[in-house]
Amino acid sequence: MDIAVCVKTNPDLQLMRVKDRAPVLEAVPFKVGDLDKNALEAALLLRDAAGDGRVVAVTVSEGDRKIRETMKEALAIGADEAVIVSDPALDQSDQAGVALALAGAIGKAGPFDLVLFGEGSTDGYSGQVPSRVAELLGLPEIGYARSLQSTGAVLRAERSMGESIETLETALPAAVTVVSEINEPRIPSLMNIMKAGKKPVVEYALGDLALDAAAVAPRRAVRSNLAEEQSRKHVLFDGEPAAQAEALINALVAEGVLGR
Amino acid sequence: MEKVECIVVGGGLAGLVAAYGLAREGVEVMVLERGNYAGAKNVTGGRLYMRPLRRIYPELWDDMPFERPVARELITMLGDGAATTVELASERLSGPSPQSYTIQRAKLDQWLADKATAAGAMVVTDMKADELLRDGERVIGVRAGGDEVGAEVTIIAEGVLGLLSGGAGLREQPRAADHAVGFKEIIELPPGVIEDRWRLNEGEGAAQLFMGDVTRGMTGGGFLYTNRASIALGVVVSMEQMRTRSDELESWELLDAFKEAAQIKPLVRGGELAEYSAHAVFEGGIDKLPRSYGAGYLLAGEAAGFALNALVTVRGMDLAIASGWAAARAALAARAAGDSSAAALAVYERFLRETFVMRAMEAGRGVPRAIENRRLFSEYPGAVARLLEGFFAVDDESSATLVRTSLRGARREFLKIDTLKDLWSLRKV
């Protein structure tokens, strides 16, 4: 079973602080994204259950994030090969542009029976890229899988739907996103870390994928992704408890919080 | 068993510089770091002395991620409810080639790890070396995370406690008497506030050391270094004196009290606590150094005892870097000779002597005994303040001239046999 796993280089959230409503990324190490590790683990289990095939980690460059180090980590965890799309034009790109680059790389490095993703990235967490890639590649997509089984031609997935669990089957090839409870990602052993340096890493530029800077240019700008700040009224009521309660009720009614 | 040419245990300054020095010569070298990034487990007061280091791999330092070059040095004596500060601002401290920089290890160590990686070293994080593999006397590699990896030379740069080398009997187990313990807070302040508070030009930094009440008379002191947008405030105190106190004082309480002291409070006002850390520091001095080499291994950095207590400051990072450099050279010499026996690696000691490491350790020989003298930390800071108070005093009773008052004060405070003895004991510090 040949599986592509899309991987993003993400900050280690445990070491990140928030100051003035913005993340402090100074000196924070970047690693394989948390949910991407679940996708990678799922891929390795499926590959090993099938008894043959390869797992290819795919990523795109993003500013000065050290994607080659991330790919080494993915190879140490157990991927057989790594594919990198590296182009300065991708630095400013958005989910649509990143999906084009990933789909191009997967198409060129493939064919694959399965394309796996974490349900979202550790930092942006828009969850858009998997569906965009699936659409570009013309694949059926199953989102939020909490378990995966393959019989070769058919893939069975359980999806977390909040209140219920949905079981779906799809013919391969397909695209699947996984949630964190699907597995416990393995920690690479020293031997596997040492072997990772010798595994193949393929690098593409956008031109190799019949793309250019214009194709991946962002089509929209994020002005803010912060939750709206709610101002509090800080009203204090004085007096006897009964009078305070009366005043509070009146205030809540006046605000429309309590009805008549 | 999988093999590499060299294993470096510890991704701190000594280990990373050694790895860089080996990798740039084409040696297959692997660094094992137990933290989840290089620098994760390391604590510094905050200042790196750069001048002696510029000769070591000169190409390396151009883009070092420093916080501020230190342009102002202050020493503050706290005692008897008073603070006396000696202050030096000099063009020769900063200028085109500053003597020292304030730094933060999380940034510096990751930057150095990147340099080593770019040179071809393999830096493995989240990987604790559990044990040294031996063949008789010889160190032949390490066991880490269940795997065994062999190496021609293992450079042990595991830091102050030396658990691996101590466990293998390559050095003695650490004793409290040879160590101090340091506590530090990083307190965020806007760069402009830092520059105003310490009267600095834009981008320049200050180093302020404190002795006296900070440690309640115990050996040690306080420190304050200005980073770009934060200050590092901490206390270092003798582990043994702390351990043998009869009261209930906990060492971290010293830092809390220090921060609340009337003379310190205005310096940290408005700051936001961002980080807290603590670490042991070796201060046994040159007489307590372990043998730094043997068949198949070298000790570098604080694992080799290269740290220096100079009364109120502790110096170690420049020694770590220089010893890492010397370790790389020794391993390269062994490789060229095809011999990594103890006799071949003894060349390490010569390289250490060629650097400032052994000169600095030698110069600090008298310090451990001198600083056991508690008068330095309990009596003198207050005495200095009283003398100056006499100088500045204006009241009904002062009829004598300033000079006479001062001389009388100086005689009263300092012309004692103990003081003269102390001065004599400090002549070499």
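The model shown is predicted, which means the values in this text are computed figures rather than measured ones.

A. Region of interest: the overall build of chain B. Along chain B, the regular secondary structure elements total 16 helices and 19 strands. A compact globule built from 429 residues should have a C-alpha radius of gyration of about 22 Å, and chain B, at 23 Å, falls within 12% of that. Counting only C-alpha atoms, chain B reaches 85 × 45 × 40 Å along its principal axes. Burial statistics for chain B: of 429 residues in total, 54% are counted as buried. Intrachain contacts of chain B at a sequence separation of at least 6 include 72% that bridge at least 24 residues.

B. A look at the sheet that holds strand β6 (residues 55–60) of chain A. Residue and element names in this part refer to chain A. Read from one edge of the open sheet, 9 strands run β11-β10-β9-β12-β8-β1-β6-β7-β13, paired in mixed fashion. Each edge of the open sheet carries a strand with a single partner, namely β11 (165–171) and β13 (201–204). Sheet twist, expressed as the mean angle between neighbouring strand axes with direction ignored, is 35 degrees. One ladder, built from 5 bridges, connects strand β8 (residues 114–118) with strand β12 (residues 174–178); its direction is parallel. Following the sheet pairing, Leu 114 is matched in β12 by Ala 174. Packing against the sheet, helix α3 (residues 95–109) makes contact with β1 (3–6), β6, β7 (81–85), β8 and β13, and its axis sits at approximately 150 degrees to β6.

C. The arrangement of the nonpolar core in detail. Leu 114, Leu 116 and Leu 148 of chain A together with Leu 32, Ile 155, Leu 298 and Tyr 348 of chain B are the most contacted members of the largest nonpolar core, which has 120 residues in total. Of all the elements, helix α8 (residues 317–337) of chain B adds the most residues to this core, at 12 residues. With residues up to four places along the chain from it excluded, the contact list for Leu 116 of chain A reads Ile 3, Ala 4, Val 5, Cys 6, Ala 39, Ala 42, Ala 43, Leu 148, Val 176 and Val 178 of chain A. Val 56, Val 85, Leu 102 and Phe 112 of chain A belong to the second-largest nonpolar core, a separate cluster that totals 30 residues.

D. Representation of the domain arrangement of chain B. Along its sequence, chain B is carved into domain 1 (2–65 + 104–172 + 290–354), domain 2 (177–282) and domain 3 (370–425). With centres defined by C-alpha atoms, the gap from domain 1 of chain B to domain 3 of chain B works out at 47 Å.

E. Structural context of the domain arrangement of chain A. The domain boundaries assigned to chain A delineate domain 1 (3–216) and domain 2 (230–260). The distance between the C-alpha centroids of domain 1 of chain A and domain 2 of chain A comes to 52 Å.

F. Inspection of α8 of chain B at higher detail. Residues and elements named next belong to chain B. End to end, α8 covers 30 Å across 21 residues, agreeing with the expected 30 Å (1.5 Å per residue, within 8%). Within α8, 15 of the 21 residues are buried, which leaves the element mostly enclosed by the surrounding structure. Two residues or fewer after α8 comes Gly 338, characterised by a positive phi angle close to 65 degrees.

G. Summary view of the pairing of strand β10 (residues 154–160) of chain A. Residues and elements named next belong to chain A. A one-sided burial pattern is seen for β10, the buried positions being Leu 155, Ala 157 and Arg 159 and the unburied ones Val 154, Arg 156, Glu 158 and Ser 160. As paired strands, strand β9 (residues 141–150) and β10 are joined by 5 bridges and run antiparallel to one another. Pairing of Ala 145 across the sheet is with Arg 159, part of β10. Hairpin connection between β9 and β10: a loop of 3 residues separates the two successive antiparallel strands, and Gly 152 in this loop has a positive phi of roughly 105 degrees. Pairing of β10 with β11 involves 7 bridges; the strand directions are antiparallel. The residue bridging Arg 156 from the neighbouring strand is Glu 169, located in β11. Hairpin remark: β10 followed by β11, antiparallel, with 4 residues in the connecting loop; positive phi at Gly 162, about 80 degrees.

H. Seen up close, unusual backbone geometry. Residue and element names in this part refer to chain A. The linkage connecting Gly 110 with the following residue, Pro 111, adopts the cis geometry, with an omega of 10 degrees. Within the secondary structure layout, Pro 111 lies in the loop between α3 and β8. Omega for the peptide link from Leu 172 to Pro 173 comes to 0 degrees, which places this bond in the cis form. The residue Pro 173 is located in the loop between β11 and β12 in this model. With phi around 60 degrees, Tyr 144 is a residue other than glycine that occupies positive phi space. Relative to the helices and strands, Tyr 144 resides in strand β9.

I. Region of the structure containing the packing of α8 of chain B against helix α10 (residues 347–354) of chain B. All names here are of chain B. Contact geometry of α8 with α10 gives a least axis separation of 9 Å together with a crossing angle of 145 degrees. As α8 packs across α10, the resulting crossing turns out to be right-handed. Residues Ser 323, Trp 325, Ala 326, Ala 327, Arg 329, Ala 330 and Ala 333 of α8 form the contact with α10, whose participating residues are Val 347, Tyr 348, Phe 351, Leu 352 and Glu 354. Considering only residue class, the contact of α8 with α10 consists of 9 nonpolar, 1 polar and 2 charged.

J. Looking closely at the packing of aromatic side chains. All names here are of chain B. Under the definition given, this model contains 5 aromatic pairs over all chains. Between Tyr 20 and Tyr 57, the aromatic rings sit 5.3 Å apart at their centres with planes inclined by 75 degrees, giving edge-to-face as the arrangement. Taken together, the residues span a long stretch of sequence, with Tyr 20 in helix α1 (residues 13–23) and Tyr 57 in the loop between β3 (47–49) and β4 (68–79) at a distance of 37 residues. Residue Tyr 20 shares its accessibility class with Tyr 57, and that shared class is buried. Taken together, a centroid distance of 6.1 Å and an interplanar angle of 35 degrees make the contact between Trp 61 and Trp 111 tilted. Placement of Trp 61 in the loop between β3 and β4 and of Trp 111 in helix α2 (residues 105–119) is noted, with a sequence separation of 50 residues between them. The class for Trp 61 is buried, based on a relative accessible area of 8%. Taking the relative accessible area as the measure of exposure, Trp 111 reaches 11% and is therefore buried. Here the guanidinium or amino end of Arg 291 rests over the ring plane of Tyr 293, the centre of that ring lying 4.8 Å away.

K. Geometry of the side chain of Arg 47 of chain B. Residues and elements named next belong to chain B. Among the structural elements, Arg 47 can be located in strand β3. A polar side-chain atom of Arg 47 sits 2.8 Å from a polar atom in the side chain of Glu 73. A polar contact of 2.9 Å, which involves the side chain of Arg 47, links it to the side chain of Ser 100.

L. Seen up close, helix α6 (residues 251–260) of chain B. Listed in full, the buried residues belonging to α6 of chain B are Ser 251, Leu 254, Leu 255 and Phe 258 of chain B. For α6 of chain B, the arc enclosing every buried residue in end-on projection is 95 degrees, short of the 170-degree limit, so these residues lie on one face.

M. Molecular detail of the interface of chain A and chain B. Residue-level contacts link 19 residues of chain A with 24 residues of chain B. Surface buried jointly by chain A and chain B totals about 1700 Å² across both partners, of which 58% is contributed by carbon and sulfur atoms. Counting the surface chain A buries against chain B, the share from its top three residues, Leu 190, Met 191 and Met 194 of chain A, is 33%. Linking chain A with chain B are 5 salt bridges. Salt-bridge contacts for Lys 66 of chain A lead to Asp 114 of chain B; the nearest nitrogen and oxygen are separated by 2.7 Å.

Conventions we followed
- Residues numbered from 1 in each chain as written.
- Chains lettered and ligands numbered in written order.
- Predicted model: local features only at pLDDT ≥ 70, side-chain atom pairs only at ≥ 80, totals over all residues.
- Heavy atoms only, no water.
- Helix = DSSP H or I, 4+ residues; strand = E, 2+ residues; numbered from the N terminus.
- Rg over C-alpha atoms; globule rule 2.2 N^0.38 Å.
- Buried < 20%, exposed > 50% of the residue type's maximum accessible area, 1.4 Å probe, protein only.
- Contact = heavy atoms within 4.5 Å.
- Pairing = 2+ DSSP bridges.
- Axes fitted to C-alpha atoms, helices over the stretch in contact; angles between N-to-C directions.
- Core = buried A, V, L, I, M, F, W, Y, C linked by side-chain atoms within 4.5 Å.
- Domains from an automatic or database assignment.
- Expected span 1.5 Å × (residues − 1).
- Left-handed = near helix turned anticlockwise from the far one by under 90°.
- Nonpolar A, V, L, I, M, F, W, Y, C, P; charged D, E, K, R; others polar.
- Phe/Tyr/Trp six-rings, centres within 6.5 Å; stacked < 30°, edge-to-face > 60°.
- Lys NZ or Arg CZ within 6 Å of the ring centre and 35° of its normal.
- Polar contact = N/O pair within 3.5 Å; in protein donor to acceptor, adjacent residues only side chain to side chain.
- Arc of directions from axis to C-beta.
- Buried area = accessible area lost by both parts, 1.4 Å probe.
- Salt bridge = Lys/Arg side-chain N within 4 Å of Asp/Glu carboxyl O.

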